[in-house]
Every structure is written in structure tokens, then in C-alpha cells.
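Descriptive analysis of the structure
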Amino acid sequence: MADEIAAAPVGGLVRLVEDDAALRAAQMQGLRLRGFEVEENASAAEALADLGAGYPGVVLSDVRMPGMDGLEFAQRLHALDPELPVILLTGHGDVEMAVQALKGGAYDFLTKPVPTEVLHATLRRALSARRLVLENRALRLARADAAGDDGLIGTSGAIVHLRETAERVAEACLDTLITGGSGAGKERLARMLHRQSPRRARPFVAVNCAAISPERFDAEFLGVAASRSNPGRQIGRLERAHRGMLFLDEIDALPMDLQARLLNVIETGEVWPVGAEAPRPLDLWVVASTRADLGALAEAGRFRADLRYRLSGLVLTVPPLRDRPGDVPLLFRHFVLQTAARLGRPVPPLTLALEARLISHDWPGNLRELSQFAERHVLGVEAAPEAGFDPGGEVGLAERVADYEAAILRDALRMARGNASVAMVRLKLPRKTFYDKLTRHGINPADFRNRS
């Protein structure tokens, strides 16, 4: 027996949920003999209490249990982590129950008594799939960390509030409309929502609505079913976003007739590929973006009011850089570090003169314009001083100096995490002078506490 156990292949981590103590003990022994590492729970509620989205194994659960049954348990786990494999066992299985379980997110459904080889093979497949999911998640997070882009860099009140709201939206996967000017970072925000959500291991499918061809909409977005003339099924972009995020950029540019069809897909949760005999279920998290006022477009008859209401239940607005000049040097440093790392070039210094220029410019192109300027700075190919920084414009020297002074105060408070005493020592300012300047610029140290 010892030789048999030693020779057993290592299976992986299995969470066994079974209310019958004797049966649970027998199942645990059988799985451990085959090299699986087994954790046990006597109820679904007990298992839910310590199962998280990053659980490194799979779940094997009975269906008929007191309190929460296996079907509800699988649905709750699916909401927690759509990629966590849940295998259900029952002695009372039928086709209807199996369909219900699979629709609820179960990985597989097995009827007792299950042949040992079948159960172990199913567990190994599920564990292999789970390992791949976790590896992909780790790779995505590593790439995000390497990019250093959290999408919402800054210490201004508007961006702090947006960042906190976005975290709650991501956690709940709420359908959202993102508004903001050109280059403000709407897609960056959408990608951050996806990256911080329970769906981060599933696809992020971005669709530029201004580039949609009505003639190709059915094939590209709904998909094409397999047929004799077309043996390979073509999966549409909407179906590719299943259990992930569908990002609809420039939603205001979508033609009216396609708006109605898109709304029907979102409302029904089904997509009907061309030539298919039945629709396919869709679990979509829809995030749209626009520079336009959808309410005004709806009143003018240029956007469907029902689609507008469907998309704008929650609205996140990305503020333009001109409304948060103190964040510009932080963003600029971030883009400079990114570019220098990508090109393998040294990081050039950020001089006081350059910082003053960063703050005084309105940046009508927002993050896009700022990142391009950072690239030129790293390459040493900056535009002439007059380009984009008009010394004869509406902003005079006094206003520029004031903006620069306010930015220095905010930066000192940010580094001191809102501790006014530390900030005034760093700036070598008397207490009265320091607080006079804060009052003049409308800066509150409390806004910088516990912020990075």
C-alpha cells in the first residue's frame, strides 16, 4: 500500500464539500491515495466563508445538502470567481438539473456512483485549467506592474474621488458610462476597471463604435455558425466578451439601427450568430465611453433614449488636465519613466523651468498630448518653447507663478501624507506663511492624508 501511495501522481488541491461525515471521510481517503491534497467542509456556507477569488484549487461538492444546496453554492462561487472550477456530485441527477448547474457556472456535473477513473480525470482537467487561469492572472498583473499604469495617477480631489469610486465599480462589475474629453484617459479607466475586477482573467474586448461597418456587423460582432460551406465557427466580438468586459468606445458614433440591435443583445443576454439554430447565452459587463452629451443627442433624435438609460445608470467622468494642473508633473514623471524603460534610455531630469511649463499649459489633448511630450523629452527632441506654451497667451507670469507655487505645496503635502508640520519643514516656511499660502490656493492638508 505504501508503494502505491508513493507512486500515485500528484493531483493538486481539492476543496471537498459534503454534509455526510462518513461519505466525506471515504472520499477524502480515496482522493488522497491518488495524490490529491484535500481540504474539507461540511456545508456550502462553511466553504464560502474561506474561499476567495484566488483559490489555487478546484471545488468538488455534493448537490443535496441542507441549507444552501450545491446549485446555489456553485452560483455563489461563480459570482465570486467565474474561473473557479466547481464540480457537482449527486445521486439524483437528471438532464434538467445538469443544464441548470452548467448554466449556473459549474465546471462539470457527475452522477453518483462516479467511476473513480472518471472523477480523477475530471479533477485533473479542472486543476489544469485552474493553473492556467492563475498563471494568466499573474502574467497580466506582472505586465500591469511593469507598465506602472494604474490609469488614475494624481492627488487632486477629483482624481482621488474617481479612483475610490472606480474601485467599488470594479469590485461589483457594474455597467458604466465613462465620459471625458479627447485623450482624457477613458480607455485607461476602463482597462483599470477590468484589471481590478473579478473578471480580470477573462477578455477585455474593446470596440471602436466609430469604426463599425454596418455591412460587417453581423459577421464581426454576432458571429457565424458552422455550416457545410463554412465548417469553422466564427466567434463574434460580442461573444468573445462573454464573462469579461465589453468596452464600447465612442458609443455616440454607433449608427441608430445598430444601437437598437446592440440594446437587444444587452437586454436579452443572448447573441444569435448568423446561421445558428439557437441563440447563445451572453454574460456581458458593458462599459461605454463618450465625449458627447448623450442626453442632448437623445433629445435631438440622434441617439436612442432607451440605450442611453441602459448605459448611463452609473457615470464616471474623467476630469481634463486643465482642471487638475497639480497632477500634471506626477503624470509627466510617470510617462517619462515608462518611455525611458521602454527605450532603454536614461531618465532626464525634471527642471523647475520644465515643471512650470507643465503646469501653465492647458493640455487640450490631455493624457495623449502629455505622454507624447514625455516621449520627446526622453528622446531630447522637445518642441520649441513657444509650441504649445504661448508666453503671450491669456495666462500671465503672476498666474503661472501662482500655479507653480500651488503645485509645490500640493507635492510637499503629498510626500508628507498630509502632515502639515512635515511639509512646512521640508519647504522651510514659517507656520503662518505656510498656512497663508494654503488658504490663498484653497489647499486642505486633510485631502492628502493616507494617499500615495
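Residues numbered from 1 in each chain as written. Predicted model: local features only at pLDDT ≥ 70, side-chain atom pairs only at ≥ 80, totals over all residues. Heavy atoms only, no water.

1. Considering the pattern of salt bridges
Throughout the structure, instances matching the rule amount to 18 salt bridges. Between Lys112 and Glu18 there is a salt bridge whose closest N-O contact spans 3.8 Å. Of this pair, Lys112 sits in the loop between strand S5 (108-111) and helix H6 (116-147) while Glu18 is found in the loop between strand S1 (12-17) and helix H2 (21-33), placing the two residues 94 residues apart along the sequence. Note on Glu18: relative accessible area 3%, which makes it buried. Measuring nitrogen to oxygen at the nearest pair gives 3.2 Å for the salt bridge that ties Arg324 to Asp327. We note that Arg324, like Asp327, is buried. Through salt bridges that share partners, Glu18, Asp62 and Lys112 make up one connected network. (Salt bridge = Lys/Arg side-chain N within 4 Å of Asp/Glu carboxyl O. Helix = DSSP H or I, 4+ residues; strand = E, 2+ residues; numbered from the N terminus. Buried < 20%, exposed > 50% of the residue type's maximum accessible area, 1.4 Å probe, protein only.)

2. Here's the deal with the packing of helix H18 (residues 420-427) against helix H19 (residues 431-441)
Orientation of H18 relative to H19, taken along the N-to-C sense of each, is 105°, at an axis distance of 10 Å. Viewed along their axes, H18 and H19 adopt a mutual orientation that is roughly perpendicular. On H19, the residues touching Ala420, Ala423, Met424 and Leu427 of H18 are Arg431, Phe434 and Tyr435. Broken down by class, the residue content of the contact of H18 with H19 amounts to six nonpolar, no polar and one charged. (Axes fitted to C-alpha atoms, helices over the stretch in contact; angles between N-to-C directions. Parallel < 35°, antiparallel > 145°, perpendicular 65-115°, else oblique. Contact = heavy atoms within 4.5 Å. Nonpolar A, V, L, I, M, F, W, Y, C, P; charged D, E, K, R; others polar.)

3. Considerations on a nonpolar patch on the surface
Taken together, Leu343, Leu379 and Val381 make up a surface patch of nonpolar side chains, about 250 Å² in accessible area. Relative to the helices and strands, Leu379 resides in helix H16 (residues 366-379). Judged by its relative accessible area of 41%, Leu379 falls in the partly exposed class. (Patch = residues over 30% accessible without salt bridge, like charges linked within 9 Å, V, L, I, M, F, W, Y side chains within 5 Å. Areas by Shrake-Rupley, 256 points an atom, 1.4 Å probe, with all protein chains shown as cover.)

4. So, the nonpolar core
Core analysis: the largest hydrophobic core is formed by 29 residues, its most contacted members being Ile212, Leu238, Leu246, Leu248, Ile251 and Leu311. Every element with two or more residues in this core is listed here: strand S7 (204-208), helix H9 (217-222), strand S10 (245-249), helix H11 (256-268), strand S13 (285-290), helix H12 (294-299) and helix H13 (305-311). The leading source of residues in this core is H11, at five residues. If we ignore the near neighbours within four places in the chain, the residues touching Leu238 are Phe221, Leu222, Leu246, Leu262, Val265, Leu282 and Leu284. Among the nonpolar cores identified, the runner-up in size contains 23 residues, and Val17, Leu51, Val86 and Phe109 belong to it. (Core = buried A, V, L, I, M, F, W, Y, C linked by side-chain atoms within 4.5 Å.)

5. Topic: the sheet that holds S7
In space, the five strands of this open sheet follow the order S7-S10-S13-S6-S14, with parallel pairing throughout. Of all the strands in the sheet, the pair left with one neighbour each is S7 and strand S14 (315-317). Strand after strand, the sheet turns through a mean of 20° between neighbouring axes, direction not considered. In the sheet, strand S6 (residues 176-179) pairs with S13 via four bridges, with the strands oriented parallel. Looking at the pairing, Thr176 lines up with Val287 of S13. Contacts from helix H8 (residues 186-196) reach S6, S7, S10, S13 and S14, with the element oriented near 175° to S10. (Pairing = 2+ DSSP bridges.)

6. A look at the packing of helix H7 (residues 157-172) against H8
Between two packed helices, both the angle of their axes relative to each other and the distance between the axes serve to describe the pair. In the contact formed by H7 and H8, the axes pass within 8 Å of each other and the chain directions differ by 50°. In terms of orientation, H7 and H8 fall into the oblique class. Here H7 and H8 pass one another in a crossing that is right-handed. Between H7 and H8, the residues in contact are Leu162, Ala166, Glu167, Val169 and Ala170 and Leu189, Met192, Leu193 and Gln196, respectively. Considered class by class, the residues forming the contact of H7 with H8 number seven nonpolar, one polar and one charged. (Left-handed = near helix turned anticlockwise from the far one by under 90°.)

7. Brief notes about the environment of Phe73
Mapped onto the secondary structure, Phe73 falls in helix H4 (residues 70-80). Along the chain, Phe73 and Ala47 lie 26 residues apart, while their C-alpha atoms are 9.1 Å from each other. Ignoring any residue separated from it by four or fewer positions in sequence, one finds Phe73 in contact with Val17, Ala44, Ala47, Leu48, Leu51, Val59, Ser61 and Met68.

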